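# A closer look at the structure
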Amino acid sequence: MATTTRIIATLLSLVVVTGCGNDPEKDRVLKSNFQSLRDRMSGGVQSEQLTPEMGQIAQHVSAATDEPVTIIRLVDGSTFSVIAPIAENGTYQTFASADRRSITMQHGVVTATRGLSNDLMSSQSAATGQLVRARKSGSSTRVMRYLDGLEEIIEFSMDCTVNRGDDQGFSGQRQRQGTVMVETCDGSVYDVRNSYVVDGRGKIVESIQWLSPQRGYAHFLPLGG
Amino acid sequence: MSQNRSFQTRSTSGAKPVHQVIGREISAMAGAIFAVAVSAIVMATTVAAQSPVNYNTYGLPGLIDLPTAEAAPEAELFTGISYYPDSMRATIGFQLLPRLSGVFRYSSINGKVIGGKWADGTYYDRSFDLRFQLVEESPSMPGIAVGLQDFMGTGLYEAEYLVATKAITPTLRITGGLGWGRLGQVNSIGSTGTRPTALIGEGGVPNVDRWFRGPFAAFGGIAWSPRRNITVKVEYSSDDYAVESGSITGKSIIKQRTPINIGIDYHLKNGGQLSLFALHGDTIGAQMTFVTNPKRPNSFGGSEAAPLPILVRANGSAKDLGWTADNIVSNDVRTQLADLLALENLVLEALDLQADTAVLRLGNKRYRSISQAVGRAARAMTRVLPASVETFVIIPMVDGMAASAITLRRSDLEGLENAAATEMLARTAIRDGFSLAPKSQIKPADRFRWSLGPYLHLSVFDPDSPVRFDAGARLEGAYAITPNLILSGSLTKKVVGTLADTAPIPSKLPPVRTEYPLYSKFGDPGIEHLTVAAYGRPGPNLYGRVTVGLLESMYGGISGELLWKPVSSRFALGVEVNYVKKRAYDMMFDFLDYEVLTGHASAYYQFENGFHTKVDVGRYLAGDIGATLTVEREFANGWRVGGYATLTDVSASDFGEGSFDKGVFISVPVSWLIGQPSRDRSDIVLQSLTRDGGARLNVDGRLYRRIRDYHEPQIEAGWGKFWR
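Described below are features of the structure shown in this document. Owing to the predicted nature of the structure, the values given are computational and were not obtained by experimental measurement.

Criteria and thresholds
Residues numbered from 1 in each chain as written. Chains lettered and ligands numbered in written order. Predicted model: local features only at pLDDT ≥ 70, side-chain atom pairs only at ≥ 80, totals over all residues. Heavy atoms only, no water. Helix = DSSP H or I, 4+ residues; strand = E, 2+ residues; numbered from the N terminus. Buried < 20%, exposed > 50% of the residue type's maximum accessible area, 1.4 Å probe, protein only. Contact = heavy atoms within 4.5 Å. Areas by Shrake-Rupley, 256 points an atom, 1.4 Å probe, with all protein chains shown as cover. Phe/Tyr/Trp six-rings, centres within 6.5 Å; stacked < 30°, edge-to-face > 60°. Lys NZ or Arg CZ within 6 Å of the ring centre and 35° of its normal. Core = buried A, V, L, I, M, F, W, Y, C linked by side-chain atoms within 4.5 Å. Salt bridge = Lys/Arg side-chain N within 4 Å of Asp/Glu carboxyl O. Buried area = accessible area lost by both parts, 1.4 Å probe. Polar contact = N/O pair within 3.5 Å; in protein donor to acceptor, adjacent residues only side chain to side chain. Arc of directions from axis to C-beta. Pairing = 2+ DSSP bridges. Axes fitted to C-alpha atoms, helices over the stretch in contact; angles between N-to-C directions. Disulfide = S-S within 2.5 Å. Patch = residues over 30% accessible without salt bridge, like charges linked within 9 Å, V, L, I, M, F, W, Y side chains within 5 Å.

### As for the overall build of chain B
Scanning chain B from terminus to terminus reveals eleven helices and 33 strands. Taken over 724 residues, chain B has a buried fraction of 58%. Pairs at least 24 residues apart make up 61% of the contacts formed inside chain B by residues separated by at least 6 positions. Within the structure as shown, chain B displays about 26,600 Å² of accessible surface, and the carbon and sulfur contribution to it stands at 61%.

Here's what the structure looks like:
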């Protein structure tokens, strides 16, 4: 039918012309839809493989570089990345990956993330950090702030207890030697269990920390330095 | 029963088209399914927030046909289609407030009519429902709600009810209620007067004289959820289906053999619902409901890349003023800052660099959140500006106008980078940007933008056809002759479409809007608009606009506007005057004989919880005088839902069917859909467009909508994104 031909012609020509022009803001939704369609059709999207284990990643990365990078691996197995320190502000250190995702830590305790989706915007965790690094038991309060669906800040306040843990206390495949410290937090909405490995000098050399409701836990392994 | 022509919906927002899938010509039934499915595709679906709400065939929380006293979570948007042979209902509903929900419904029934005006044996009907929850359910009290079903219009589904619902056990909920109208037919137990049958005016007016009048009857049912995602429903319906049984239509599509209906729901993880039901012992039907909520995007807080970290100055470096005499350093700084801002898709339009203060004239076409644009610009400034510069004044520009100037101290940025966002807001000053912005330094070559892409004009839920559309290519461009003087145009070439297939509806008023089929037919290719617009700030708290040229597809002329809005005020006043001539149908440079002076005085007020209200009083395109009330709720993430009504001195009989102009709209920011920053929006407008009364000019660039994002109330509401 003439109409059907015209319709097909329209669709084809629109695929071709979409994005013509010098305005990067126009038709970004369509462009991004076509992009993901193209990816899907050409099999360019990563297939369902599980991320390798921390030990394997650490081996490869250490072999590749001497820089004091940190490996971050999401515990749900969805992704891992290598982040390098890029900025310092007082006691806060910010690390970033090559694709512009960043994590901010205060002496090894995560205080903020950016670009991971459901980002931790800021948090109050100094008291916890002090207990963990001093390898002491005690209690503290943690505050974690996120953006909700309406892009407003919501705060989760949690009562936390820090205790030494045994070998099984670390909630993942431990790569480093040191004292295992476990932080158990009771929040009104979320319960969190972070575990840390602290060396003799009071430095957190490995940790599994909760990032956000959507992302869950991440395993951090600093290399070098 | 006269046909209800009171609603015609347009899925377009004038100059900016809806980004939707292109459709193709389809049969009536599939047409409505298409329209609802398009909304479902546009909506992102996520994991449902709480225990699922069951939706009924009318599109509100309920049993099968019957309502319950339940409400959806606040701000929930629910669309659905229910079908049994020869009858289909498509619905779009929204939980406006925690206790108030509304639904728009488009239904089609196949049947022949003895007398009356039905189209080709298929009867299309549009209806509106409202439900208000009087009492929220609690462990000791049932929930109680009152509802108006199909409360304005021809009343095919007209009913009113009072209903109560209670959970007896965690898995069993009981509902019982009293119904009038359609719900008062079976075994009615009494009567509250007689129910009038004549329409008020020309229809389209709430039938207040019918509500809760006439016979009433009892209805009820139970909903049992043996597992979280399955619900079995049994109900006793007081609706005798007189219309569908043929007593009025002459053809029976369903026979009410028993008042008992049974159904089963399956709830999907994303909150959607699939249902099967048996109606009145006579027929089987199915239903699909999709659910989305502005509070649950796919990506909380967006998934855009990380911003630049703040660069903290070395101790004592702020005292170094050696650089100020050196032009090379200043130019270097300017270039470096421009480059860093470009990485964030921001534009350095000008930079006024002093020893201790820097004023940045900022161009932002990327970020919906002004707070986020300012935050990212501030971060870039800390990385590049000499250490002695302590005060940052950032002025985001709107069409060459400086709306507000945001002042931040560098020491605060350094000290509060990792603190709660509210701490930074407390130390931020927002004031009127009038005369504060340095002159733009953008080269002329960078002031031109053009693009070629698809367009789609949808007209849905028409009395004669569920979907009419035009689609094709649109070439548009804009050139900033000076930052405040913008030449822009848009040309469309239709490739395929059915909007031209109707004849203009006869009107007793000058045909100021009803001739759109002629524009669709002859305006191909057509110039949508070609204008020169000048924007400016006549004085403190004042904003002005003058637009000249082919202002919109049907009118050309001159449009002028003045807005008074102080930067921290919730209140604003505006006045707009337009002198326009009707354009020829070929949408080129010719005009027809009709010319009119239109204009409005407007008052705006923004309430605390995001409710924006606006009252316009003035003269409309047909020369009628009247007023429009618009109420809109804007959420902090940019979602807008609202409605408007216009009453003018045109009588209902002159206006024609529908009686007066009204509409509802939903605007979804693209950034919410894709999780990346964007200033685009996806708009769905349902309005009664067929008539010529209360019609306004569609001119681009109206000031209040553009300016309000840059003022204090909106910047503060969206401050959560400052550090994002």
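### Here we look at the packing of aromatic side chains
By the definition in use, this model includes 19 aromatic pairs over all chains. Relative to Trp210 of chain A, the ring of Tyr190 of chain A has its centre 5.4 Å away and its plane inclined at 40 degrees; by these criteria the two rings are tilted. Of the two residues, Tyr190 of chain A sits in the loop between β10 (179-187) and β11 (191-198) while Trp210 of chain A sits in strand β12 (residues 204-212), which places them 20 residues apart along the sequence. Pairing Tyr604 of chain B with Tyr704 of chain B gives two aromatic rings, centres 3.9 Å apart and planes at 15 degrees, and the pair type is stacked. Of the two residues, Tyr604 of chain B is situated in strand β28 (residues 591-606) and Tyr704 of chain B in helix α10 (residues 703-708); the sequence distance between them amounts to 100 residues. Here Tyr604 of chain B matches Tyr704 of chain B in class, with each residue buried. If you follow Arg537 of chain B out to its NZ or CZ, it ends over the ring of Tyr543 of chain B, 4.0 Å from the centre.

### Quick look at the nonpolar core
In this structure, Leu337, Leu341, Leu360, Leu385, Ile394, Leu408 and Leu413 of chain B are the most contacted members of the largest nonpolar core, which totals 58 residues. Ranked by the residues each element gives to this core, the list is headed by helix α4 (residues 370-384) of chain B, at eight residues. Apart from residues no more than four positions distant in its own chain, Leu360 of chain B is found in contact with Leu337, Leu341, Leu348, Ala350, Leu351, Ala377, Met381, Val393, Ile394 and Ile395 of chain B. Ile83, Phe95, Met105 and Phe220 of chain A belong to the second-largest nonpolar core, a separate cluster that totals 20 residues.

### Some points on the pattern of salt bridges
All names here are of chain B. Applying the stated criterion across every chain, the model contains 50 salt bridges over all chains. Of the charged contacts in the structure, one is a salt bridge between Arg474 and Glu528, with a shortest N-O distance of 2.7 Å. Separated by 54 residues along the polypeptide, Arg474 in strand β22 (residues 467-482) and Glu528 in strand β24 (residues 526-536) bring together distant segments of the chain. There is no split in this pair, since Arg474 and Glu528 are both buried. Notably, a salt bridge pairs Glu632 with Arg708, separated by 2.6 Å at the nearest N-O pair. Taken as a pair, Glu632 in strand β30 (residues 625-634) and Arg708 in helix α10 lie far apart in primary sequence, 76 residues in all. Here Glu632 matches Arg708 in class, with each residue buried. Counted as one network, the salt bridges with shared partners bring together Glu632, Glu634, Arg640, Arg681, Arg705 and Arg708.

### Thoughts on the interface of chain B and chain A
Across the boundary between the two partners, chain B contributes 60 residues, which contact 48 residues of chain A. The junction of chain B with chain A conceals about 4,500 Å² of combined surface from both sides, 56% of it contributed by carbon and sulfur atoms. In this assembly, chain B and chain A are joined by four salt bridges. The closest approach of N and O atoms between Glu151 of chain A and Lys721 of chain B, which form a salt bridge, is 3.8 Å. Here chain B and chain A share 13 residue pairs in polar contact (both at pLDDT 80 or more) between them. Within the residue set of the side of chain B that touches chain A, elements represented by two or more residues are α4, β21 (448-460), β22, β23 (485-497) and α9 (670-674) of chain B.

### Considering helix α3 (residues 54-64) of chain A
All names here are of chain A. What α3 keeps buried is the set Met54, Ile57, Ala58 and Val61. Along α3, the residues classed as buried sweep out an arc of 100 degrees about the axis, all on the same side. Facing away from the buried side of α3 by more than 90 degrees, the exposed set consists of Gln59, His60 and Ala63. Where α3 is buried, its residues meet β2 (70-74), β3 (80-89) and β13 (216-222).

### Let's talk about the sheet that holds β13 of chain A
Residue and element names in this part refer to chain A. Spatially, the twelve strands line up as an open sheet ordered β6-β5-β4-β3-β2-β13-β12-β11-β10-β9-β8-β7, and their pairing is antiparallel. Lying at the two open borders of the sheet, with one neighbouring strand each, are β6 (109-114) and β7 (120-124). In this sheet, neighbouring strand axes are inclined to one another by 30 degrees on average, regardless of whether the strands run parallel or antiparallel. Pairing between β12 and β13: five bridges, direction antiparallel.

### Quick look at the pairing of strand β15 (residues 346-353) of chain B
All names here are of chain B. By the criterion of burial, β15 is predominantly enclosed, with six of the eight residues buried. In this structure, β15 lies alongside strand β16 (residues 357-364), joined through seven bridges in antiparallel fashion. The residue of β16 that forms the bridge with Val347 is Gly363. Following β15, the chain reverses through three residues before pairing antiparallel with β16.

### Quick notes on the state of the cysteines
Residue and element names in this part refer to chain A. All told, the structure shown has one disulfide over all chains when counted by the stated rule. In this model Cys160 forms its disulfide with Cys185; the gap between the sulfur atoms is 2.1 Å. Disulfide Cys160-Cys185: the torsion about the S-S bond is 110 degrees, which places it as right-handed. Taken together, the residues span a long stretch of sequence, with Cys160 in strand β9 (residues 153-165) and Cys185 in strand β10 at a distance of 25 residues. In this pair, the class of Cys160 matches that of Cys185, namely buried.

### Side note on helix α4 (residues 126-133) of chain A
Residue and element names in this part refer to chain A. Taken residue by residue, α4 has Thr128, Gly129, Leu131 and Val132 as its buried positions. With its buried residues spanning 165 degrees around the axis, α4 presents them on a single face. Buried residues along α4 sit in contact with β6, β8 (138-147), β9, β10, β11 and β12. Positive backbone phi, at 55 degrees, marks Arg135, one or two positions downstream of α4.

### So, a nonpolar patch on the surface
All names here are of chain B. A cluster of nonpolar side chains, Val546, Val548, Ile558, Leu562, Val575, Val577, Tyr579 and Leu597, forms an exposed patch at the surface whose accessible area comes to about 620 Å². For the nonpolar patch, the secondary structure elements donating two or more residues are β25 (542-550), β26 (555-564) and β27 (571-583). For the nonpolar patch, the element with the most residues is β27, which contributes three residues. Along the chain, the position of Val548 falls in strand β25.

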